[in-house]
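Residue-level listing of the chains:
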Amino acid sequence: MQSLGGEVHTEQKRLNANVGRKPVDAFSDELVERIELHNLYDLDLYDFAVTLFLGRLRKGG
């Protein structure tokens, strides 16, 4: 909100919602690779959306 010029009226608190989460190195290399492959298109789509958003932000609309 602040980076877009808006005002933040609430107090920000950091919460760790994943206290019991396993560290990444606790997973096998094969599982990590499968997860990465499964999400490749999501990452490309996210990058494309960010590019469009920033382009429109620079143009002012």
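Residues numbered from 1 in each chain as written. Predicted model: local features only at pLDDT ≥ 70, side-chain atom pairs only at ≥ 80, totals over all residues. Heavy atoms only, no water.

1. Observations regarding the overall build of the chain
Line of reasoning, step 1. Scanning the chain for helices and strands turns up 2 helices and 0 strands.
Line of reasoning, step 2. What you see for the chain is a C-alpha radius of gyration of 18 Å, clearly larger than the 10 Å of a compact globule of 61 residues, by over 25%.
Line of reasoning, step 3. For the chain, with 61 residues in total, the buried portion stands at 0%.
Line of reasoning, step 4. Counting every atom, the chain has about 6,500 Å² of accessible surface; 55% of that belongs to carbon and sulfur.
Line of reasoning, step 5. Considering the chain, the positive charge centre built from 8 side chains and the negative charge centre built from 10 side chains are found 8 Å apart. (Helix = DSSP H or I, 4+ residues; strand = E, 2+ residues; numbered from the N terminus. Rg over C-alpha atoms; globule rule 2.2 N^0.38 Å. Buried < 20%, exposed > 50% of the residue type's maximum accessible area, 1.4 Å probe, protein only. Areas by Shrake-Rupley, 256 points an atom, 1.4 Å probe, with all protein chains shown as cover. Lys, Arg positive; Asp, Glu negative; His and termini not counted. Charge placed at Lys NZ, Arg CZ, Asp CG, Glu CD.)

2. Some remarks on a negative patch on the surface
Line of reasoning, step 1. On the surface, a cluster of negative charge is made up of Asp 29, Glu 30, Glu 33 and Glu 36.
Line of reasoning, step 2. Mapped onto the fold, Glu 33 is located in helix α1 (residues 29-38). (Patch = residues over 30% accessible without salt bridge, like charges linked within 9 Å, V, L, I, M, F, W, Y side chains within 5 Å. Salt bridge = Lys/Arg side-chain N within 4 Å of Asp/Glu carboxyl O.)

3. Brief notes about helix α2 (residues 40-59)
Line of reasoning, step 1. When the terminal C-alpha atoms of α2 are compared, their 29 Å separation across 20 residues agrees well with the 28 Å that a helix rising 1.5 Å per residue should span.
Line of reasoning, step 2. Gly 60 lies just past α2 and shows a positive phi near 90 degrees. (Expected span 1.5 Å × (residues − 1).)

4. A look at the environment of Asp 42
Line of reasoning, step 1. Take Asp 42: it is sitting in helix α2.
Line of reasoning, step 2. Put simply, Asp 42 and Val 32 are 10 residues apart on the chain and 16 Å apart in space, counted from C-alpha to C-alpha.

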